[in-house]
Amino acid sequence: MSVFRPIAQVAICAALLASSAAGAQDKVLNLYSARHYQTDEALYSGFTKATGIKINRVDADDAGILARLKSEGSASPADVILLVDAARLWRAEVDGLFQPVHSKLLETRIPANLRSKETSEGSQWFGFSTRARLVVYSKATVNSADVDTYEELGEPKNKGKLCTRSGSHPYNLSLFGAMLEHLGPPKTEAWLQGMVDNMARTPKGGDTDQIKAVASGECGIALTNSYYLARMMRSDKPEDRKVIERIGVVMPNQASSGTHMNVAGGAVARYAKNKAEAVKFLEYLAGNEAQAYFAGGNNEWPAVASTKRANPALDALGSFKAEKVPVATIGVNQVKVQQMLDRVGYK
Ligand code: FE
């Protein structure tokens, strides 16, 4: 659930706490978060319990957070920024919204391919979890062999079957940006056109809505992030059990580029007033407790590979070939992809 607290309230709250910050108990952290997962409450309360640092949180989507940071400028109360898309993390870094962290712990725990390189400006971000963008299909009407590549989603054989959320959503823009790298511009645009031609309905809703629409028979094929699917796979609700019984799952492009992966991560805000607390929070996210939560709570793959996890859904998805396209490439490609979406009418 998203609680969008007015920024004025956060600013006032932070100021009050700062003015009375004699005791350690009064330490505070202002967090701008695009993580929209109810189970994340455990992350925040775990941090406060471990450190005594209270969290003031502003929830919005990635685009909303970036716009807000830009308009607030140096007056921004944000200390830590959490985003759920690699290209948006890259964009924020390029736009100078982050600052250097210089944490040995973070650089040791988080693998190099899941964090930014330190630039000359010193801006840094760190990925704390990963997710796959995969295909679900109706076992009643679709053969897995017809949907085991992203490319096939745009082929005529799948006409009238495809459902996705908006093409302009960051999860899709990042997948399409990666495909642009594999296919080149003409083939990518033809692929996007093919997907528009194959739509069972105008793009709407979130990934979970697409999964349900496949189970109900409205759609034959859908794209979803792995954690939405895993959440349903672990659900005891009878209606979710029914959905899972009716759908098949494919990790696309195993024989070629690999399944598209995305990263959720965070950074210290450029104008953070509580920098020590901000670094502590990022370090907490890289620790055993939080890393285990990313798997157990929100069904993501932890960035720290040694994390002990007990998640039957992630186990069921198994090991697979993951795509490797540099985050900066995907970020740059997103702009070109959005123009293609406009041309082919992918809503
Ligand atoms: Fe999501």
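Notes on the structure in this doc start here. (Residues numbered from 1 in each chain as written. Predicted model: local features only at pLDDT ≥ 70, side-chain atom pairs only at ≥ 80, totals over all residues. Heavy atoms only, no water.)

1. Some thoughts on the overall build of the protein chain
- Of regular secondary structure, the protein chain possesses 14 helices and nine strands.
- Expected size for 347 residues packed as a compact globule is a radius of gyration near 20 Å; at 20 Å, the protein chain falls within 12% of this value.
- Once the C-alpha set of the protein chain is aligned to its principal axes, its extents read approximately 65 × 45 × 35 Å.
- Put simply, the protein chain has 347 residues, and 55% of those count as buried.
- The long-range share in the protein chain, meaning contacts at least 24 apart out of those at least 6 apart in sequence, stands at 77%.
- A total accessible area of about 14700 Å² is found for the protein chain, and carbon and sulfur atoms account for 55% of it.
- When the 42 positive and 36 negative side-chain charges of the protein chain are each reduced to one mean point, those points stand 2 Å apart. (Helix = DSSP H or I, 4+ residues; strand = E, 2+ residues; numbered from the N terminus. Rg over C-alpha atoms; globule rule 2.2 N^0.38 Å. Buried < 20%, exposed > 50% of the residue type's maximum accessible area, 1.4 Å probe, protein only. Contact = heavy atoms within 4.5 Å. Areas by Shrake-Rupley, 256 points an atom, 1.4 Å probe, with all protein chains shown as cover. Lys, Arg positive; Asp, Glu negative; His and termini not counted. Charge placed at Lys NZ, Arg CZ, Asp CG, Glu CD.)

2. Things to note about helix α3 (residues 62-72)
- Every buried residue of α3 is accounted for by Asp62, Ile65, Leu66, Arg68, Leu69 and Glu72. Taken end-on, α3 shows its buried residues confined to a sector of 160°, consistent with a single buried face.
- Positive phi shows up at Gly73, right after α3, with a value of about 55°. (Arc of directions from axis to C-beta.)

Fair warning: the whole summary comes from geometry, so function is off the table for now.
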